[in-house]
Amino acid sequence: MKRKYVILSVGLVIIGLLIALHVYLSSTTDQRFYLDDQYYGTGSLIDIDNNRLKELEDSDASFAVLVYQISICGRVSAYDFNHYVEEFLEDKEMALYQILFFEIEGTEMAEHVRVCPSVVIYREGQVAAFLDAVAAEHTEYYKSAEDFGKWLTNYVKLK
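Everything numeric in this text was worked out from a predicted model, so none of it was measured.

S.K.: Residues and numbers for the pattern of salt bridges, please.
M.R.: Throughout the structure, instances matching the rule amount to five salt bridges. Taking the shortest distance from any N to any O, the salt bridge between glutamate 55 and arginine 52 comes out at 3.3 Å. On the criterion of helical spacing, the pair formed by glutamate 55 and arginine 52 is a turn pair, its members being three residues apart in helix α2 (residues 50–58). Under the relative-accessibility criterion, glutamate 55 is labelled partly exposed at 49%. The salt bridge involving aspartate 147 is made with lysine 150; its shortest N-O contact spans 3.8 Å. With aspartate 147 and lysine 150 both in helix α4 (residues 145–152) and three residues apart, this pair spans about one turn of that helix. Take aspartate 147: its relative accessible area is 18%, and that puts it in the buried class. Salt bridges sharing common partners tie together Glu146, Asp147 and Lys150.

Here it is as structure tokens:
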């Protein structure tokens, strides 16, 4: 009888360890995703307005948007950052949308982006990540095309 309890206890411990291992492996797998196919193969920025952004947010599309302003936004020169984004896109043959900061009013994006420049990544129509120009942990991603690429590829797979 005592032997059955020992075997049962060992079995339960093994099952518990297997469940814990499964949960751990599930949480550490690659959570990156592809943008929709149309955003690969060409290095460009595509201008959109408020209405188009709302249409995209209402869809199940996976895409990214550069939010910019013609003058300096926040602590980061919008011109320099836009140049880094364009350089990255040309090198990796990717396309992103771009929208003026004042055009995001009334969108889901406006709930996240308070300053610009920024880039917002959508996964299946939902905001998955965004850059914050005044967040200390994001400033490194504004320094070069390579640094921007490090941030973007934390979320988006390249083709």
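S.K.: Give a description of α4 that names residues and reports values.
M.R.: With six of its eight residues buried, α4 lies for the most part within the structure. Within α4, the full set of buried residues consists of Ala145, Asp147, Phe148, Gly149, Trp151 and Leu152.

S.K.: Now, about unusual backbone geometry: what can you tell me, with residues and values included?
M.R.: Omega for the peptide link from cysteine 116 to proline 117 comes to 5°, which places this bond in the cis form. Considering the arrangement of structural elements, one finds proline 117 in the loop between β3 (95–100) and β4 (118–123). At glutamate 93, a position not held by glycine, the phi torsion is positive, near 50°. The phi angle at glutamate 124 is positive, at roughly 50°, despite the residue not being glycine. By the element assignment, glutamate 124 lies in the loop between β4 and β5 (126–130). Residue glutamate 124 is classed as exposed on the basis of its relative accessible area of 52%.

S.K.: Which residues make up the pairing of β4, and what are the values?
M.R.: Here β4 lies mainly inside the structure; five of its six residues are buried. Across five bridges, strand β2 (residues 63–68) lies against β4 in antiparallel orientation. Among the inter-strand pairings, valine 67 is bridged to a residue of β4, identified as serine 118. Bridge count between β4 and β5: four bridges; the pairing is antiparallel. Within β5, the position partnered with valine 120 by the bridge is phenylalanine 130. Here β4 folds back onto β5 in antiparallel fashion, the turn holding two residues, of which glutamate 124 has a positive phi close to 50°.

Each value, and the rule that gives it
Here the residue numbering is sequential within each chain, running from 1 through the sequence in written order. Local features are withheld for residues below a pLDDT of 70 in this predicted model, meaning they are given only at 70 or higher, and side-chain atom pairs are given and counted only at 80 or more; totals for whole chains, interfaces and linings count all residues. In computing side-chain properties, one takes all heavy atoms of the structure into account and sets aside hydrogens as well as water. Salt bridges, as used here, are contacts in which a Lys or Arg side-chain nitrogen is within 4 Å of a carboxyl oxygen on Asp or Glu. A helix here means a DSSP run of H or I that spans at least four residues, while a strand means a run of E at least two residues long, and both kinds are numbered starting from the N terminus. Categorising residues by exposure relies on relative accessible area from a 1.4 Å probe, with only protein chains included: less than 20% of the type maximum marks a residue as buried, more than 50% marks it as exposed, and the intermediate range marks it as partly exposed. Note: two strands are recorded as paired if DSSP finds a minimum of 2 bridges between them.

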